[in-house]
Each structure stands twice: as C-alpha cells, then as structure tokens.
Amino acid sequence: MTTITNAGVGSGNDFESIIQAMLSTKKSNLTNRVTKAKAKCEIERDGVKKLKSALNTFQTACEEMCKANAMNTHKVTTSQSKDYEAFKITQKEDCSNTNFDITVTQLARSEAVTQKFNTADGFNNSFGAGRITIDLGPETYTNDRGEEETRERKFEVEICEGDTIELVRKRLNKNDLGINVNLIKTSSGYTFSIDGGTTGADTTNMKITAEPANPSDSTHDSISLFNFDRSSDTEVNAQGERVSSSGSKWTYREAKDAEILIDGESVKSHTNQFDEQISGISLEVLKLSEKETIDDGAGNITTGFKSYSVDITTDADEAYNKMNNFISAYNTLQSSLTSLYKHNTYSDGKNQLDGGDLAGDSQVKGIQNALQTMISRFNKTDSGDGSSGQNKTIFDCGLTLNKDGTLSLDKTKFTKSINESFNTVVNLFSAEDGLLKEMSTYVEDYTKTGGLLSDRADDIQKQIDSWTDKEEANTVKLEQYETMLRKKYGNLDSLMAKYNTSSTYISQIMSSVGK
C-alpha cells in the first residue's frame with residue numbers, strides 16, 4: 001500500500017504540516033528521556049573503562065616492582081677488556097655487595113670419538129648390512145615428583161647393504177639422546193666423529209657396538225669399523241687424562257667440567273653455566289682466560305691464565321630511576337582519577353556536561369582517597385634484615401606525599417638509604433607486606449575479572465540495553481502514531497474535498513438561476 005506523505009492535497013488544506021508538527025511533539029515526548037538516559041549511561045560506561053585501564057596500568061607498575069630481583073640494582077664491574085669477554089654475570093634476587101677474582105681455566109666439553117676413513121686404506125664407502133648400537137650409559141635424573149630415577153641412554157639403527165658413510169651419519173643422527181654425528185670429506189677420504197652431546201666429566205660412558213648381518217661379506221666395508229669400547233680403546237696417561245690407546249682406530253676426546261678459580265679456589269660445573277656455586281649470581285663462562293706472562297721478581301717467568309677482578313656494588317642511581325618510574329605511574333593515576341571525577345558546571349540552571357566521564361562519582365573519589373591514605377598511614381618499619389625494627393620508614397627513604405595527593409622522591413635521601421641498607425628499602429616497598437604490594441592488592445579488587453569494575457560495567461551495559469529496547473519500542477509507537485494521523489487526516493481531507501465539490505456545484509446552480 002502506498003503511503004501518502006502530502007496530506008491535504010484533495011481539500012487544499014495543509015494537513016501535512018499539522019501531521020509533522022504532531023509527530024515532532026510526540027517524538028520529543030517519547031525519546032527525550034530515553035535518549036538522555038542512554039547517553040548518560042554510555043558516558044558512564046566509557047568512564048568505567050578509562051578507570052579500569054588506569055588502574056590496570058598502575059597495578060602493572062606495582063607488580064613489576066614487586067617481582068623477584070626487580071629492585072636488585074647491583075652493578076657488576078669486571079676488569080675484562082671490551083674486546084675480550086671470558087665470562088658474564090647475571091644477578092639474582094639475593095645478590096649482595098662483594099668482590100673477588102675469577103680465572104677461567106677450562107670450558108665444559110662433551111665426550112667424543114673421531115675416526116678417519118681413508119681411500120688409500122681400502123675404504124670403498126659402501127657398507128654391508130647390520131646394526132649399530134650406541135650406548136651412553138645410565139643417567140640419573142629427577143622425575144616430576146621430585147624423585148631420583150635411573151634410565152638407560154641407548155639407541156640402535158639398522159644399516160642397509162650398500163649404505164654410504166653419508167647415509168650412516170644421517171641414520172645415526174635420528175636419535176633423541178642429543179648425540180651429534182658429523183662428517184668431513186677430505187682429500188684422502190672422510191673424517192667421521194660422534195659427539196655424546198652432554199658436557200661434563202663422567203656424564204657419559206660411550207660404547208658403540210656394530211653387528212654385521214654377514215660377517216664374511218668381503219665385497220663391502222664392514223660396519224665393525226664403528227666398534228668402540230672405552231675400556232679397550234682408551235687409557236689414562238701420566239697427566240691423569242683419558243686418551244686413545246695406541247692400538248685404537250678412534251681418536252678419543254674426554255668429557256670435562258668447566259672450571260674456574262675464584263680467589264684461587266677451584267669451582268667446577270658440568271656445563272659452562274655456574275648457577276648454584278656462587279650465591280647471589282649466575283655466571284656463564286664463554287672463553288678461557290687470556291694467557292699472560294708472570295714474573296715472580298726472582299727471575300722465574302711463567303705463562304698462565306689471566307685473573308679478572310669482579311666488583312659487585314649497589315647501583316643507587318638505577319634504583320632511584322626504578323622507584324621514580326613507580327612514582328610517575330602513581331601520579332599519572334592520580335591525575336586520571338582527578339580528571340574522571342571533575343564535576344560538571346551549570347549555566348542558567350543547565351548542566352554544561354563539561355566534567356569528567358564519572359563526574360562526582362563516589363567510587364572514583366573512594367579509590368583516590370584510599371590510595372592516599374595507604375601511603376600516609378603506612379607505618380611499617382624495617383631494620384634491613386626483614387625483621388620489624390625502628391630504623392626506617394618509607395618517608396625516611398625520601399618519599400613525600402604532597403598536599404595535592406601526588407608523590408615525590410628525594411634523590412639524596414633515597415640514595416643514602418639504598419647505600420646504607422639496600423634490603424631495608426626493598427622490604428619497605430616491595431616485600432609481601434610492603435607498600436606497593438598492599439596497593440596492588442587493593443587495586444586488584446577493582447581490576448580483576450568479576451571484580452568491582454567488571455560488575456559495574458555489566459550493570460551499566462544492562463541499562464544501556466534496556467534503553468535501546470525502549471528506543472526500538474518508541475520507533476514502533478511513532479510509526480503507529482503516524483499511520484493513525486495520516487488515516488485521520490486523510491479521511492478529513494476526503495470529506496472536505498467532497499464539501500468543496502458540492503459547494504462549487506451549488507454555486508454554479510445558483511448562478512445559472514439568476515440569469
């Protein structure tokens with residue numbers, strides 16, 4: 001059905017203007033309250049999002065400062081040259097000021113065997129069929145339950161008739177024991193090596209067993225060339241090192257621990273990483289110490305490994321920078337809260353809506369006041385060893401709560417506190433019962449999933465959805481109202497058009513009678 005949108009055409013009356021005016025009044029009555037209420041909810045929803053984002057950012061800053069080692073700002077200085085780095089040091093959370101000398105005398109290495117396969121010795125590079133088994137010996141490990149268990153480290157591969165040494169290498173490398181098989185093609189043949197893959201003295205006890213399928217096969221190279229047994233293929237020399245025995249076809253390399261000297265005392269590790277041996281730090285050796293010539297002043301000149309000094313001291317400047325980053329995060333949060341809370345102004349009794357998205361919101365003000373109160377009333381003292389004492393408070397460490405609610409940090413006081421008692425500062429600010437942890441825990445009640453702000457956001461969204469439903473209902477009502485008006489004024493237009501026609505007809509008759 002065609003909708004007439006120019007009512008009054010039949011009678012010549014401007015009914016369309018009447019209809020539009022009545023529709024406008026009706027729409028205003030129906031939608032003004034709904035539209036304003038929905039817009040208010042949307043502003044509040046956006047404000048809650050901004051509030052949660054600001055709190056999340058602040059909480060992250062708190063948590064970063066509370067992480068293990070976060071406040072550990074010790075500085076490591078060594079006498080190594082910039083062109084030669086024999087080791088590197090990483091601080092742990094319990095790092096403390098100290099100094100010592102380090103000499104790197106041995107890098108960790110794995111057990112390995114090497115054999116040359118020369119063409120001149122009759123090597124044809126075509127093996128007979130059989131099986132090769134590599135056994136590294138048993139290994140003790142700790143399972144998921146923290147219990148020690150022993151497992152075998154052994155694998156075997158089948159060698160096919162006609163396999164080349166290149167294929168043998170590929171087959172042996174398909175293992176899950178970390179064994180590495182390498183091959184170099186030389187002018188005289190091949191150099192074949194098997195590396196146990198695990199560094200450290202006595203971590204492996206390699207044995208290679210090769211079993212030909214046809215021991216009498218003379219047309220192919222025998223896989224028995226790969227047999228190796230440490231008990232018969234190696235011996236201990238005068239220096240106490242295990243080396244190849246005179247009759248072995250293999251060249252043997254003994255596995256060794258990494259070794260360093262700390263103030264002249266030997267310290268060893270199965271790997272090049274020293275994680276547990278030195279308290280407070282982790283040390284990784286990269287190269288042997290440089291060689292140096294030593295003259296004892298009595299005419300005795302010797303060559304040995306160079307010793308490097310290590311000094312670990314508190315880096316007060318870096319600690320100050322980290323703490324200042326937190327203070328910046330706190331002050332940014334306070335600024336965001338103030339902006340969100342700002343009241344709207346009124347002009348001639350009309351709300352100018354120029355305040356924050358959560359103008360005058362009690363929850364925002366409550367958060368702001370609570371954080372400021374936490375700081376002003378934080379009365380924990382710490383003596384530096386983690387026990388309660390009378391030595392220092394957060395304010396003795398240079399922290400100041402300003403009248404406007406922001407924080408500032410006195411560098412001189414903070415640096416002095418760090419240098420005098422590093423642990424005191426860490427305990428006051430970053431310990432489980434420290435200021436930052438307390439603030440983070442408080443903020444988490446608002447930011448976590450299902451927290452106070454999540455619940456509030458859900459409630460606001462329900463209100464917005466309800467107002468949206470009312471908007472849709474009002475649209476239907478307006479359509480129905482317009483239909484009713486157009487029908488009503490359409491009938492009136494038709495009636496008046498008929499009256500006009502009748503009036504014209506009567507006028508014409510009266511006019512003709514008078515003639």
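Everything in this summary refers to the structure shown in the same document. (Residues numbered from 1 in each chain as written. Predicted model: local features only at pLDDT ≥ 70, side-chain atom pairs only at ≥ 80, totals over all residues. Heavy atoms only, no water.)

## Here's the deal with helix H6 (residues 411-420)
Because an α-helix packs 3.6 residues into every turn, residues spaced three or four apart end up facing the same way. Selection rule: Under the scheme applied here, a residue whose accessible area is under 20% of the maximum for its type counts as buried, over 50% as exposed, and between as partly exposed, the area being computed with a 1.4 Å probe on protein chains only. A run of H or I in DSSP becomes a helix once it reaches four residues, and a run of E becomes a strand once it reaches two; helices and strands are each numbered from the N terminus. The directions considered for the arc are those from the helix axis to the C-beta atoms. Whenever two N or O atoms come within 3.5 Å, that pair is a polar contact, provided that in protein one can donate a hydrogen and the other can accept it, and provided that, for residues adjacent in sequence, both atoms are side-chain atoms.
Taken as a whole, H6 has its buried residues at Phe-414, Thr-415, Ser-417 and Ile-418. Buried residues along H6 cover an arc of 160 degrees about the axis, so they all sit on one side. Capping of H6 at its N-terminal end is provided by Asp-410; its side-chain oxygen lies 3.0 Å from the backbone amide nitrogen of Thr-412.

## Considerations on unusual backbone geometry
For Asn-125, which is not a glycine, the phi torsion comes out positive at approximately 60 degrees. Located in the positive-phi region is Asp-263, a residue other than glycine, with phi close to 50 degrees. Within the element layout of this structure, Asp-263 appears in the loop between strand S16 (258-262) and strand S17 (265-269). For Asp-263, a relative accessible area of 49% puts it in the partly exposed group.

## Remarks on the side chain of Asp-257
Here is the rule we go by: Working convention for charge: Lys and Arg count positive, Asp and Glu count negative, and His plus the chain ends are omitted. Only one rule defines a salt bridge in this text: a Lys or Arg side-chain nitrogen within 4 Å of an Asp or Glu carboxyl oxygen. Contact between two residues is taken to exist if any of their heavy atoms lie within 4.5 Å; hydrogens are not considered.
As for its placement among the helices and strands, Asp-257 is situated in the loop between strand S15 (251-253) and S16. The charged side chain of Asp-257 is buried without a salt bridge, its nearest counter-charge being Lys-268 at 5.4 Å. Side-chain polar atoms of Asp-257 contact the backbone nitrogen of Ala-201, separated by 2.8 Å. In this structure the side chain of Asp-257 is engaged in a polar contact, spanning 2.6 Å, whose partner is the side chain of His-270. Not counting residues within four places of it along the chain, the set of residues in contact with Asp-257 comprises Gln-106, Leu-107, Ala-108, Gly-200, Ala-201, Lys-268, Ser-269 and His-270.

## Topic: the packing of aromatic side chains
The condition that has to hold: Pairs were defined over the aromatic rings of Phe, Tyr and Trp, the Trp ring being its six-membered one, requiring ring centres within 6.5 Å. Orientation was assigned from the angle between planes: stacked under 30 degrees, edge-to-face over 60, tilted for the rest. Placement of a positive charge over a ring is assigned whenever Lys NZ or Arg CZ falls within 6 Å of the ring centre and within 35 degrees of the normal to the ring plane.
Within this structure, the stated rule accounts for 15 aromatic pairs. Between the aromatic rings of Phe-117 and Phe-127, the centroid separation amounts to 6.5 Å while the plane-to-plane angle is 80 degrees, which identifies the pairing as edge-to-face. Note that Phe-117 is positioned in strand S4 (residues 110-118) and Phe-127 in the loop between S4 and strand S5 (130-135), a separation of 10 residues in sequence. The pair formed by Phe-117 and Phe-127 is uniform in burial state, with each residue classed as buried. Cluster of aromatic residues (ring-pair linked, three or more members): Phe-117, Phe-123, Phe-127, Tyr-190, Phe-192 and Phe-226. Over the ring of Tyr-341 we find Lys-365; its NZ or CZ atom is 5.1 Å from the centre of that ring.

## Points about the packing of helix H1 (residues 15-66) against helix H8 (residues 435-447)
Worth spelling out the cut-off: Note on definitions: angles span 0 to 180 degrees between N-to-C directions of axes, and those axes are lines fitted to C-alpha atoms, for helices only across the stretch in contact. Note on convention: the crossing is left-handed when the near helix lies turned anticlockwise from the far helix by less than a right angle, right-handed when the turn is clockwise.
Where H1 meets H8, the closest approach of the two axes is 9 Å, and the angle between their N-to-C directions is 145 degrees. Classified by chirality, the crossing of H8 by H1 is left-handed. Taken together, the residues of H8 that come into contact with H1 (itself represented by Lys-52, Leu-55, Asn-56, Phe-58, Gln-59, Cys-62, Glu-63, Met-65 and Cys-66) are Leu-436, Lys-437, Met-439, Ser-440, Val-443, Glu-444, Tyr-446 and Thr-447.

## Focus on the sheet that holds strand S9 (residues 180-185)
Here is the rule: Any two strands with at least two DSSP bridges between them are considered paired.
Ordered in space as S9-S10-S4-S15, the four strands form an open sheet in which the pairing is antiparallel. Pairing within the sheet leaves two strands with one partner each, and these edge strands are S9 and S15. In this sheet, adjacent strand axes meet at a mean angle of 15 degrees when their direction is disregarded. Here S9 runs beside strand S10 (residues 189-199); their pairing, made up of six bridges, is antiparallel. Across the sheet, residue Asn-182 finds its bridge partner in S10, namely Ser-193. Most of the contacts of helix H2 (residues 165-173) go to S9, to which it runs at about 160 degrees, and overall it touches S4, S9 and S10.

## Quick word on the environment of Arg-230
Here Arg-230 is to be found in helix H3 (residues 230-233). Taking C-alpha positions, Arg-230 is 59 Å from Tyr-320, a pair spaced 90 residues apart along the chain. Here Arg-230 is in contact with Glu-111, Thr-204, Asn-205, Met-206, Arg-242 and Tyr-252, once residues within four sequence places are set aside. In this structure the side chain of Arg-230 is engaged in a polar contact, spanning 3.3 Å, whose partner is the side chain of Tyr-252.

## Comments concerning the pairing of S17
Examined bridge by bridge, S16 and S17 share five bridges and lie antiparallel to one another. Bridging across to S17, Glu-259 finds its partner in Lys-268. Where S16 folds back on S17, the antiparallel hairpin that results is connected by two residues, among which Asp-263 adopts a positive phi of roughly 50 degrees.

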